[in-house]
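These are the residues of each chain, in order.
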Amino acid sequence: MVTELPWDEETGTLRRDLAAGMMNPACKHAMEAALQLREKYGASITAITMGPPAAEEVLREALAMGADRAVLICDALLAGSDTYATSSILARAIQKEIPGCDLILCGAYTSDSETAQVGPQLAEELQVPSAAYAEHLEISGRTLRVRRLVDNFRETLEMECPALITVSMERYDPRYASFAGLNDAFAQTEISVLNAEALGITAAEREAYGSRTRVRRVFVRSAQKRNVVITGAAANAAAEFLDKYQRKISAVIGKSIETKKQAQT
Amino acid sequence: MKKKSIWVFGDYRNYYQNRVTLQLIARAVDLAREISAEVCAVVVGHDLEEWIWEYTSHGADRILAIDHPTLTSYSTEHYLILMERLVRERDPEIILIGATDFGREFAPRLAKRLKTGLSADCVGLDITPDGLLVQTAPSFGGNMLAEIVTEHHRPQMATVRPGTFREIPHDNTRTSVVERLPLPAHLPAPRVRLVEYERAAQKEHTIENATVMVCGGRGMGNKKNFKKLDELARLLDGDVGATRPVVFSGWAGHDALVGQAGKHIKPKILFSFGISGAIQHTAGLGEADFIVAINKNPQATMMKMADVAVVADAGDWLNHLIRELKKRIRE
Amino acid sequence: MQLNPSMKHKLIRASTRSFAEAELAPIAAEIDQQRIFPRDVIEKMRELNYFGLQTPKAYGGAELDSASSAIVVEELSRVCAAVGLCVTVHNGVAVYPFLRFASARQKKIYLPKLASGSAIGAFSLTEANAGSDAGSVETTAVRQGSNYILNGTKIFVTNGGICDVALIFALTSSPEHKLQSSVFIVESKYPGFLRGEREDLCGMRANPVSSLFFEDCPVPEENLLGKLGDGMKIGLATLDNGRLGVAAQALGIAQGAMETAVKYARERQQFKKPIASLQTIQNYIADMATEIMAARLLLYRACDLKDAGMPFGCEASMAKLYCSSVASRVSSLAVQIHGGYGYSKEYDVERYFRDARVTEIYEGTSEIQRMVIARAILSQSIL
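Definitions and limits used
Residues numbered from 1 in each chain as written. Chains lettered and ligands numbered in written order. Predicted model: local features only at pLDDT ≥ 70, side-chain atom pairs only at ≥ 80, totals over all residues. Helix = DSSP H or I, 4+ residues; strand = E, 2+ residues; numbered from the N terminus. Contact = placed C-beta atoms within 7 Å. Pairing = 2+ DSSP bridges. Axes fitted to C-alpha atoms, helices over the stretch in contact; angles between N-to-C directions. Nonpolar A, V, L, I, M, F, W, Y, C, P; charged D, E, K, R; others polar. Parallel < 35°, antiparallel > 145°, perpendicular 65-115°, else oblique. Left-handed = near helix turned anticlockwise from the far one by under 90°. Core = buried A, V, L, I, M, F, W, Y, C linked by C-beta atoms within 7 Å. Buried ≥ 20, exposed ≤ 12 C-beta atoms within 10 Å, placed from the backbone.

K.L.:
Quick question: what am I supposed to make of the environment of C:Leu111 here?
P.N.:
Residue and element names in this part refer to chain C. Topologically, leucine 111 is positioned in helix α6 (residues 104-116). Along the backbone, leucine 111 and valine 262 are 151 residues apart, and their C-alpha atoms lie at a distance of 42 Å. The contacts of leucine 111, once residues within four sequence positions are left out, are Thr55, Tyr59 and Phe98.

K.L.:
It is not clear to me how the environment of A:Gln127 should be interpreted in this structure. Could you clarify?
P.N.:
With respect to the helices and strands, the residue A:Gln127 is situated in the loop between α4 (118-126) and β7 (130-140). Sequence-wise, A:Gln127 and A:Ala187 are 60 residues apart; in three dimensions their C-alpha atoms are separated by 37 Å.

K.L.:
In this structure, what is going on with the sheet that holds strand β8 (residues 144-149) of chain B? I would like to understand it.
P.N.:
Across a sheet, strands are paired by hydrogen bonds formed along the backbone, either parallel or antiparallel in direction. Within the open sheet, the 4 strands sit side by side as β12(A)-β8(B)-β7(B)-β6(B). Their pairing is antiparallel. Of all strands in the sheet, those with a lone pairing partner are β12 (214-220) of chain A together with β6 (124-127) of chain B, marking the two edges. With direction set aside, neighbouring strand axes in the sheet form an average angle of 25 degrees. Where β12(A) and β8(B) come together, 6 bridges link them in antiparallel fashion. Its bridge partner lying in β8(B), A:Arg214 is registered against B:Val149.

K.L.:
Would you take a moment to explain unusual backbone geometry for this structure?
P.N.:
Among all residues except glycine, the phi angle is most often negative; among peptide bonds, the trans geometry is most common. With omega at 0 degrees, the peptide bond leading from A:Cys161 into A:Pro162 counts as cis. Relative to the helices and strands, A:Pro162 resides in the loop between β9 (153-160) and β10 (163-167). Omega for the peptide link from B:Arg154 to B:Pro155 comes to 0 degrees, which places this bond in the cis form. Inspection of the secondary structure assignment puts B:Pro155 in the loop between β8 and β9 (156-160). Even without glycine at this site, B:Asp91 takes up a positive phi of about 60 degrees. In the Ramachandran plot, C:Met204 falls in the positive-phi region, its phi being about 55 degrees despite a non-glycine side chain. In this structure, C:Met204 sits in the loop between β6 (193-198) and β7 (210-220).

K.L.:
For this particular structure, what's the right way to read the sheet that holds strand β12 (residues 212-216) of chain B?
P.N.:
Taken in spatial order, the 6 strands make up an open sheet running β13(A)-β16(B)-β15(B)-β14(B)-β12(B)-β13(B), and their pairing is parallel. Edge positions in the open sheet fall to β13 (228-230) of chain A together with β13 (239-242) of chain B, since each of these has one partner strand only. Going from strand to strand, the sheet's axes swing by 20 degrees on average, the running direction of each strand aside. Both β12(B) and β13(B) contribute to a ladder of 4 bridges, which runs parallel. What sits directly across from B:Met213, in β13(B), is B:Asp239. Those strands touched by helix α7 (residues 234-253) of chain A are β13 of chain A together with β12, β14 (269-273), β15 (290-295) and β16 (308-311) of chain B, and its axis lies near 150 degrees from that of β16(B). Together, β14, β15 and β16 of chain B form the strand contacts of helix α10 (residues 314-328) of chain B, whose direction differs from that of β15(B) by roughly 125 degrees.

K.L.:
Help me understand the interface of chain A and chain B in this model?
P.N.:
Where interface size is quoted, it is often the accessible area lost as the parts come together. Facing 71 residues of chain A, the contacting portion of chain B comprises 81 residues. Ranked by residues supplied to the side of chain A that touches chain B, first place goes to α7(A) with 15 residues. Looking at side-chain class alone, the side of chain A that touches chain B contains 35 nonpolar, 14 polar and 22 charged residues.

K.L.:
Could you clarify how one ought to interpret the packing of helix α5 (residues 81-101) of chain C against helix α7 (residues 231-267) of chain C in this entry?
P.N.:
The geometry of a pair of packed helices is captured by two quantities: the angle between their axes and the separation between those axes. Residues and elements named next belong to chain C. Where α5 contacts α7, the axes come no closer than 9 Å and their chain directions differ by 155 degrees. Viewed along their axes, α5 and α7 adopt a mutual orientation that is roughly antiparallel. α5 and α7 meet at a crossing whose hand is right-handed. Together, Ala81, Gly84, Leu85, Thr88, Asn91, Gly92, Val93, Tyr96, Pro97, Arg100 and Phe101 of α5 and Ile234, Ala237, Thr238, Asn241, Gly242, Leu244, Gly245, Val246, Ala248, Gln249, Gly252 and Ile253 of α7 make up the contact between the two elements.

K.L.:
Hey, could you run me through the nonpolar core in this one?
P.N.:
Inside soluble globular proteins, nonpolar side chains tend to come together where they are buried. If you look at the biggest cluster of nonpolar residues, it comprises 299 residues, and the most contacted ones within it are C:Phe184 and C:Leu299. C:Leu299 has contacts with C:Ala70, C:Leu244, C:Ala247, C:Ala248, C:Leu251, C:Ala319 and C:Cys323, leaving out every residue within four places of it along the chain.

K.L.:
I would appreciate a short explanation of the packing of α7(A) against α10(B) in the present structure.
P.N.:
Across the interface, α7(A) lies against α10(B) with an axial gap of 8 Å and an inter-helix angle of 50 degrees. Taken together, the axes of α7(A) and α10(B) are oblique relative to one another. Remark: the crossing between α7(A) and α10(B) carries right-handed chirality. Counting all contacts with α7(A), which are made through A:Ala234, A:Ala235, A:Ala237, A:Ala238, A:Ala239, A:Leu242 and A:Gln246, the residues of α10(B) involved are B:Asp316, B:Trp317, B:His320, B:Leu321, B:Glu324, B:Leu325 and B:Arg328.

Written as structure tokens, this is what we have:
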């Protein structure tokens, strides 16, 4: 179980919507999938995340939901990592802390576009078979069967463990942690904290582990709309409107809207 | 010197995916002009003539096609192997991929194999004279935009949100260099086996997750006019929403109420017919990507919030829009 | 001095809030207007230990500290005060006396059921002629063989319509034939345990507050809580604890009302600008936020004292007095900020306004709280 944190590089704090809890909602679905697999097939679940010390909260929540162990990768050297760097570091931590793990689950695809890339890149880094957007998981022997919905195609895939799966938000609605679970998560379990040194990552290794992208500038999305005004007779205005915007509408609804030849003449 | 190349990955499995590929080809043509590069569409699969023709007529200078029965269904793994080889052979400057479900799984893995950077779900692409791709992507939950660059690694890669760019109109007099490449020998069997797949049924709409919303206010005049919004919503696979006065007038049920005391919507496209824009309604609009408002009063708040403000009688314009759409929509 | 919430307290708040917003927010207005007790949500809450907040693990509870318990009630009440009321009465005044005063046998029989929420608890002191004056209870319990026979009427019993176990205050006579009050553990299945109509109240309408009637209701003698004549002692100790819960509930109402008003003030345009930019509204918001913060710290201070095993009755009364008056003031200002819409049932804020009012009345009126506080202050030799 890998969680990805919404983390504000400017202030150095976790950005969190208290209403949604501490853990990224997508990761909660992955955690739920892990719990259900454990209930069905038996397993030990390790939750792992990378972030500032406050990221411990996310791991406590995972423990409260039912994780057996938790690992926090925390080092100022690693702050500001892009998905490329994050996936490299996570891979190294997984190889060190959970060698021989059978299945890695990550949250997939949220409305928040920051969170979709680490899972697939981690699969590459670990060189394991992988599938995104899983809605249902089954295991028989070493074979993992995945049902998923991609671009409106329903697919059933099979692969051998170890594998990496990103879990869709459509299924595996996460359970709430009980208060007893929350209490135990603080009382009973130690969280392993790894820094860059423990992972054997030095500043000199920026080429292998460093970020590939750089954020040049962050700015507020302009609220100012272009505000095109269309006037004139309603019949012409409707045609004029569609001439200008039918492609945009078509792209959204997935239906072709085209000006037919005879309509043009 | 070898000509620089901007690549667009041909994602074509359904209408939506095809559209974004064409949109990316259009943007690549603009970018290529700035750095004297060519636009190359890469398409992998089986029975690809339709796509080769389509990419050519929408602006690609070169098509790299690998057409083989083995590739009949989408396989992320096979596509990764083939793309990685092609990129290593030919060294493109830029690779653009649609931010479809497929693209957002495929692109991060390809970037990782190529040890290069990738930005996600871009809503803007620009290029500096020395060829640095400036990728504008939503950040911090979508409230902010970030300009992202990949300075020291090539190719520069981005996935791009569908609908961001406008495709170049179809022109079947255009030509391209088509390179039909063989399937490499010893293509390993994919570790992920596709057991079965089928096209999924359309997802059921609810107001809260509707991508298209058609909202109406008292400006629709009467209940009969208001009911015509249903027809527009049907044509656009959307849902109908209503303001408070409309619900109170009994033109629509309370379920359709959009606003502070009703549903909160976040459509990609919002049509707002005869709505003045009182806060009791607009507070429920979230961030609609594209707002079209129709109102007789150009000074109405809703008209000022709109991307497109149509000054007209809402009921009248609705009739014309429905008539015009029926001519143009191909299911 | 630690005034910042710990990581655990933050997580308990976040967890409760996400539950309340997902499960209660969509129904809060409807269950209020239709007077529906949301059994299916309560069912989910059972599994998450909402009914065993501070009950020891040995009995199936979560064994939370008092501040955690207050946070849970606050967060529930921020969204739906009527459900917050159900939880705080169950934990604060029905379960708590068991933890403090029950015999090992009574604990073993009742605590697991109460902690799992498979039995919902109620606490019943108030009668038609016994409100603030708890000594005027008229319900009687007369010894007959191995039973006590209960007769009388209790009113305004929170959870009354659904409770499985109720703690009933009744008059007993001492061996010296002196009248004194005692507390009995009464199961709703006992013959002669009758429920009255649900009260049609101004607020907290989703909670089945009702009367209970006892008509020759036999209660086994082993169901006497504490000793004969312990009624006043148990009552006072329980009310001290219950006040923490009502304070937390009032705080949640205030917080919810303020958030609603702040959101509205940002959105509502008058004079071509959001009303939040008007100084008058800003003054309201500043006062609301300041009072809520002060109320919260006062409550947590009382919780800390309780967990440290120190006397906390005076501080619990201060917290209850202040939190409830803040809830009333803040919810009233929140209605004011909403203008005419605030007076409409279409908006949540009027519900906060109605729910807030009773927090100044039940679990000891504000007048009683002042009496308790004044007595405590006056009895100290050095201030």
